[in-house]
Amino acid sequence: MKRIVRNVLSTLFGLALTAPVAQAANWTAGMKEGQPELKSAGPLAFGPEGILFVADTKSAAIFALSTGDTKPAAGMKALKVEGINQKIASLLGTSADQILIDDMAVNPISRNTYLAVSRGRGPDAVPVLVRVKTDGQPEVVALEKVKFSKGELPDAPVDGVTGSGNRQSNPRRESITDVAFLEDRVLIAGLSNEEFASTLRAIPFPFETVANGTTVEIFHGAHGRFETRSPVRTFVPFNVGSQPSLIAAYTCTPLVQFPLGDLKPGAKIKGKTIAELGNRNRPLDMIVYQ
């Protein structure tokens, strides 16, 4: 699931959804071996060959990690882990109220579940990747010697607090709000430093260069106005008829269609609002199923 942010999780359910992906000559082209310097770990998504994409919002970057987790799972055993927050806290040598589980992704090959965890609170929190195997046991994913590559966003918002009182925020923390992999591209939603801050990106993978994103505008029925600064919270690639699209959800809660073909660097596009789910809601995830 995307953007699961909770202090306490009593139960974890892992669900693997598999889909065919396009073949490339070498998905790990350009990767180097070493330790990725993650400053934060937010949205997660799996690509081909066990490659895990990790959003680092503090760095305004997306990391591609070759997990080597490519042994196919045996059977379709359901996963249920009681008290996952306590188990992870014990693993990290802290208490459950000192961790946050920021996101979850299931490896479609092994069906192991990966969690982006913050150890501690505030700006000094340490990002940790935790893997929960199909036997329900959590373990820390070692990052000291892995193959990885990094794509840095060239137009991310400045890292700093803006506003005052209850409206203080740091736009950099929303530079990446959701991630997905489709065929040979990494799809990213978030904020940029443009006047129309809400941005979508379709970055070719393996990473070479990362261009400016596509700034997007939508009509928000609950607010009765056009929005250009509120980021997409979660999205899924989805064919509308024969048109490859993104179906995206925002806070308060419009559902919007964006044709994938319109996502071009530096372009400004207007999404098609197709539904409203009501004011004062924040979507956690979107899942496609048959």
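Residues numbered from 1 in each chain as written. Predicted model: local features only at pLDDT ≥ 70, side-chain atom pairs only at ≥ 80, totals over all residues. Heavy atoms only, no water.

**Some words on the nonpolar core**
In this structure, Phe 53, Val 179, Val 186, Phe 205 and Phe 207 are the most contacted members of the largest nonpolar core, which totals 20 residues. Among the secondary structure elements, those contributing two or more residues to this core are strand E4 (51–56), strand E5 (61–66), strand E12 (178–182) and strand E13 (185–191). When sequence neighbours within four positions are dropped, the list of residues in contact with Phe 207 reads Phe 53, Ile 62, Ala 64, Ser 149, Lys 150, Gly 151 and Val 186. If you look at the next biggest cluster of nonpolar residues, it comprises 17 residues, including Val 54, Tyr 114, Leu 129 and Leu 143. (Core = buried A, V, L, I, M, F, W, Y, C linked by side-chain atoms within 4.5 Å. Buried < 20%, exposed > 50% of the residue type's maximum accessible area, 1.4 Å probe, protein only. Helix = DSSP H or I, 4+ residues; strand = E, 2+ residues; numbered from the N terminus. Contact = heavy atoms within 4.5 Å.)

**A word on the pairing of strand E7 (residues 99–106)**
The buried fraction of E7 is high, at 8 of 8 residues. Note: E7 against strand E8 (residues 113–119), 7 bridges, orientation antiparallel. By the bridge assignment for E8, Met 104 is matched with Leu 115. Hairpin connection of E7 to E8: 6 residues between the antiparallel strands, including Arg 111 at a positive phi of 65 degrees. (Pairing = 2+ DSSP bridges.)

**Some points on the side chain of Ser 118**
Relative to the assigned elements, Ser 118 resides in strand E8. A polar contact of 2.7 Å, which involves the side chain of Ser 118, links it to the side chain of Asp 102. Excluding anything up to four places from it in sequence, Ser 118 contacts Gln 98, Ile 99, Leu 100, Asp 102, Ala 125 and Val 126. (Polar contact = N/O pair within 3.5 Å; in protein donor to acceptor, adjacent residues only side chain to side chain.)

**Thoughts on helix H1 (residues 84–92)**
Regarding H1, the residues found buried are Ile 84, Asn 85, Ile 88, Ala 89 and Leu 92. For H1, the angular spread of buried residues about the axis comes to 130 degrees, placing them on one side. Among the residues trailing H1, Gly 93 stands out with phi positive, at a value near 70 degrees. (Arc of directions from axis to C-beta.)

**Side note on the pattern of salt bridges**
Evaluation of the coordinates by the stated rule reveals 7 salt bridges. Of the charged contacts, one joins Lys 80 and Glu 82 as a salt bridge, the two residues approaching to 3.5 Å between their closest N and O atoms. Using a relative accessible area of 46% as the deciding quantity, one classes Glu 82 as partly exposed. Across the salt bridge formed by Glu 174 and Arg 233, the nearest N and O atoms sit 2.8 Å from each other. Taken together, the residues Glu 174 in the loop between strand E11 (146–152) and E12 and Arg 233 in the loop between strand E16 (225–227) and strand E17 (234–240) connect sequence positions 59 residues apart. For Arg 233, a relative accessible area of 11% translates into the label buried. Members of the salt-bridge network, linked through shared partners, are Arg 131, Lys 133 and Glu 139. (Salt bridge = Lys/Arg side-chain N within 4 Å of Asp/Glu carboxyl O.)

**Overview of the packing of aromatic side chains**
What the rule picks out here adds up to 10 aromatic pairs. With a centroid separation of 6.4 Å and an interplanar angle of 70 degrees, the aromatic rings of Phe 53 and Phe 207 are classed as edge-to-face. With Phe 53 in strand E4 and Phe 207 in the loop between strand E14 (198–204) and strand E15 (214–220), this residue pair connects regions lying 154 residues apart in the sequence. Comparing Phe 53 with Phe 207, the two get one shared label, buried. (Phe/Tyr/Trp six-rings, centres within 6.5 Å; stacked < 30°, edge-to-face > 60°.)

**Thoughts on a positive patch on the surface**
Together, Lys 32, Lys 39, Lys 58, Lys 150 and Arg 173 make up a positively charged patch on the protein surface. The topology assignment puts Arg 173 in the loop between E11 and E12. (Patch = residues over 30% accessible without salt bridge, like charges linked within 9 Å, V, L, I, M, F, W, Y side chains within 5 Å. Areas by Shrake-Rupley, 256 points an atom, 1.4 Å probe, with all protein chains shown as cover. Lys, Arg positive; Asp, Glu negative; His and termini not counted. Charge placed at Lys NZ, Arg CZ, Asp CG, Glu CD.)

**As for the sheet that holds strand E21 (residues 272–276)**
Spatial ordering of the open sheet is given by E17-E18-E19-E21, a layout of 4 strands whose pairing is antiparallel. Bordering the open sheet on either side are E17 and E21, each of which pairs with just one other strand. The sheet shows a mean angle of 30 degrees between the axes of neighbouring strands, taken without regard to direction. Relative to E21, strand E19 (residues 254–259) is paired through 4 bridges, and the arrangement is antiparallel. (Axes fitted to C-alpha atoms, helices over the stretch in contact; angles between N-to-C directions.)

By themselves, these observations are geometric and do not establish any function.
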